[in-house]
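A closer look at the structure
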Amino acid sequence: MQYALLIYEDESVYGDGWNEAMQDVIGRHVAFGQKNGPAIRGGQGLHRTAQATTVRTTGGQQSLHDGPFAETREQLGGFYIVEATDLDEAIAIARQIPIAKDGAVEVRPVMPAPEGAAG
Amino acid sequence: MPLADGPLGAVHRAVASRVVAALATRFRDLDLAEEGYAEALAKAAARWSDGAPANTEGWLYRTAERAILDRLRRRAVRQRHAAAEQPLLHEEEEEDETMLDTALIPDERLRLIFVCCHPALSDEARIALTLKTVCRLGTVEIARAFLVPEPTVAQRLVRAKRKIAEAGVPFEVPGPQLWAERLEAVLATIEIAYAQAHEDGAGSGRHAGFGPEMLGLTRLLAELLPDEHEVLALAATIHFAEARRPARIDPAGAMVPLAEQDPDEWDRVLIARGDALLRRGFALRSESVRLLKAGIHAAWCRRRSLAEPAPWSKVLALYDGLLRLRDDPFVRLNRAVALAEVASPDAALAEVAALDEERMEAYLPYHAVKADLLRRTGETALAAEPYAAALALAPPAAEAAWLRGRLVECT
């Protein structure tokens, strides 16, 4: 099964961009990637939510908003897609994901792509 | 299910959890297991009228297995792609009554318990699923026990089963790395469920039949995991607590405090079983929170009659031991009750006064103990307020009756 591991942290710990916390966590992500290489199918870090634009559809009408879809205390800052035999294995990988200070990793099973769909 | 009430009801209750566990782990699907088992039961009702087969369990398992394979086959035919690629399962298998009679099925109940109590499920989902799947309680009974509408329980069960299927909760006994955490989730599930069953002193009200189910579940777990001291300790505690159930309520329906319960009314068979479990637990480990808590129950249950002095100093020593392992305001409160007997109500009152009032506010025993200590130090007028505070927390009927009795004495 595939799982998305969604990483939520208070992005302010990383300052405006390149600070020590960021440098440190990136090093740990590299180590995490090396250790769990065979399971990892993909994943990326995301720029700050200040750089986000949200396309919202309400009653068939679309509008654009500056910022993330919702203001939350912690923000989605990156994700991995991993292959695991079951939830326990996925959780074991999620536990190793580096977090700068406080944060959470959401483990979400990925829907199998319908036949004929790309990917 | 009409069969459950009929002459086959006893067979059904005895083997259901084993058969469903074997089916669930074989097909890794709780719904399929339940559906297949229901079909097998219906067939049994029709066929066993002339007498049940020697191995009812094996018969039910094989019949259910066949029903499930049929369902899977029909499902595969509907999804034509899959059907073309997959060989049909067991197409050639003919019904063979002799095989049905001798087939032995593996005991997979431990795996089933770990599935139902997976920490990825919410507490209430775990409790509902365990009671339904392992203890074989009906949705109506579970709803009654937790004072929630039946559709709420049904919905919890559907959601839990869906999460197990879609999130890939493993149908396995966890390995050594996850063992401690997963076993703790199982024990916590049973503890929360039992606390709710135990809360109602009468046991004849909404939780009727629920305590005994918990008893059965912990006995099973102790059988399956004989080397886990925490399992043995919890099983012992529930045995001791259930043993005292007949004495927990007076003829007028009011709660009877532990020290005033007549040991003559306690169930000596359950106490002996609890003692045996606890001895095994202490043989494996000298102390743990659960072992010491069970030890306190055991100390009480050793009392033979009301003429015999209550074991307060032994109980106090055990609470001291508990506090050494983990400082906890709820343990301190219970310790104060013993301290009042061994030292004085004044000493106990000082201990209770030192507790964080805000944290204890919603905890009924806090107010009840405080009121009782005030009453005993002669501050009868001051005791009325905490008695009223305890009553305001909506206790079960038997406890409310007792509290009202005390409140009347104070005013």
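Residues numbered from 1 in each chain as written. Chains lettered and ligands numbered in written order. Predicted model: local features only at pLDDT ≥ 70, side-chain atom pairs only at ≥ 80, totals over all residues.

1. Some details on the overall build of chain B
The secondary structure content of chain B amounts to 21 helices and zero strands. Once local pairs closer than 6 in sequence are excluded, the contacts in chain B between residues at least 24 apart make up 64%. (Helix = DSSP H or I, 4+ residues; strand = E, 2+ residues; numbered from the N terminus. Contact = placed C-beta atoms within 7 Å.)

2. Things to note about the overall build of chain A
From N to C terminus, chain A includes two helices and six strands. Written out in order from the N terminus, the α and β elements of chain A read β-α-β-β-β-β-α-β. When its C-alpha atoms are laid out on the principal axes, chain A stretches across 45 × 45 × 20 Å. When the 119 residues of chain A are sorted by exposure, 15% land in the buried category. (Buried ≥ 20, exposed ≤ 12 C-beta atoms within 10 Å, placed from the backbone.)

3. Brief notes about the nonpolar core
Generally speaking, soluble globular proteins have nonpolar side chains that are buried together. Membership of the largest hydrophobic core comes to 120 residues, with the highest contact counts inside it found for A:Leu5, B:Val19, B:Leu23, B:Tyr37, B:Ala64, B:Ala128 and B:Ala235. Broken down by element, the residue count for this core peaks at 10 residues, all from helix H12 (residues 229–244) of chain B. What A:Leu5 contacts, discounting residues up to four positions off in sequence, is A:Phe79, A:Tyr80, A:Val82, A:Ile93, A:Ala94, A:Ile97, A:Val105 and A:Val107. (Core = buried A, V, L, I, M, F, W, Y, C linked by C-beta atoms within 7 Å.)

4. A short note on the pairing of strand S1 (residues 2–9) of chain A
Residue and element names in this part refer to chain A. Burial along S1 is one-sided: the face carrying Tyr 3, Leu 5, Ile 7 and Glu 9 is buried and the face carrying Gln 2, Ala 4, Leu 6 and Tyr 8 is not. The sheet contact formed by S1 and strand S5 (residues 75–83) spans eight bridges and is antiparallel. Following the sheet pairing, Tyr 3 is matched in S5 by Val 82. Pairing between S1 and strand S6 (residues 103–109): seven bridges, direction antiparallel. Residue Ile 7 lies in a different strand from S6, and its bridge partner there is Val 105. (Pairing = 2+ DSSP bridges.)

5. Here we look at the packing of helix H7 (residues 123–133) of chain B against helix H9 (residues 150–167) of chain B
All names here are of chain B. Interhelical geometry of H7 versus H9 gives an angle of 95° and a closest axis separation of 9 Å. Relative to H9, H7 is oriented roughly perpendicular. Between H7 and H9, the residues in contact are Glu 124, Ala 125, Ala 128, Leu 129 and Lys 132 and Val 153, Arg 156, Leu 157, Arg 159 and Ala 160, respectively. A breakdown of the residues in the contact of H7 with H9 according to their chemical character gives six nonpolar, no polar and four charged. (Axes fitted to C-alpha atoms, helices over the stretch in contact; angles between N-to-C directions. Parallel < 35°, antiparallel > 145°, perpendicular 65-115°, else oblique. Nonpolar A, V, L, I, M, F, W, Y, C, P; charged D, E, K, R; others polar.)

6. Some words on the sheet that holds strand S2 (residues 40–45) of chain A
Residue and element names in this part refer to chain A. One open sheet holds the four strands; their spatial order is S2-S5-S1-S6, and the pairing between them is antiparallel. Strands at the two margins of the open sheet, each flanked by one partner only, are S2 and S6. Looking at each pair of strands side by side, their axes are set apart by 20° on average, direction ignored.

7. With respect to the packing of helix H8 (residues 139–146) of chain B against H9(B)
Residue and element names in this part refer to chain B. For the pair H8 and H9, the least separation of the axes is 8 Å and the interaxial angle reads 115°. The orientation of H8 with respect to H9, classified from their angle, is roughly perpendicular. Like other packed secondary-structure pairs, H8 and H9 cross with a definite hand, here right-handed. Of the residues in H9, those in contact with Thr 139, Val 140, Ile 142 and Ala 143 of H8 are Glu 150, Thr 152, Val 153 and Ala 154. (Left-handed = near helix turned anticlockwise from the far one by under 90°.)

8. Quick notes on helix H6 (residues 109–116) of chain B
Most of H6(B) sits inside the fold, with seven of its eight residues counted as buried. Burial in H6(B) covers these residues: B:Arg109, B:Arg111, B:Leu112, B:Ile113, B:Phe114, B:Val115 and B:Cys116.

9. A few points about the domain arrangement of chain B
Residues and elements named next belong to chain B. The domain boundaries assigned to chain B delineate domain 1 (2–102), domain 2 (108–203) and domain 3 (226–310). Taken together, the elements giving at least two residues each to the side of domain 1 that touches domain 2 come down to helix H1 (9–27) and helix H2 (30–47). Broken down by element, the side of domain 1 that touches domain 2 gets its largest block of residues, nine residues, from H1. Grouping the amino acids of the side of domain 1 that touches domain 2 by side-chain chemistry returns six nonpolar, two polar and five charged. (Domains from an automatic or database assignment.)

10. Topic: the environment of B:Ser49
Residues and elements named next belong to chain B. Following the sequence through the fold, Ser 49 ends up in the loop between H2 and helix H3 (56–78). Residue classification places Ser 49 among the exposed residues on the basis of 10 C-beta atoms within 10 Å. Sequence separation of Ser 49 and Leu 325 is 276 residues, and the distance between their C-alpha atoms is 58 Å.

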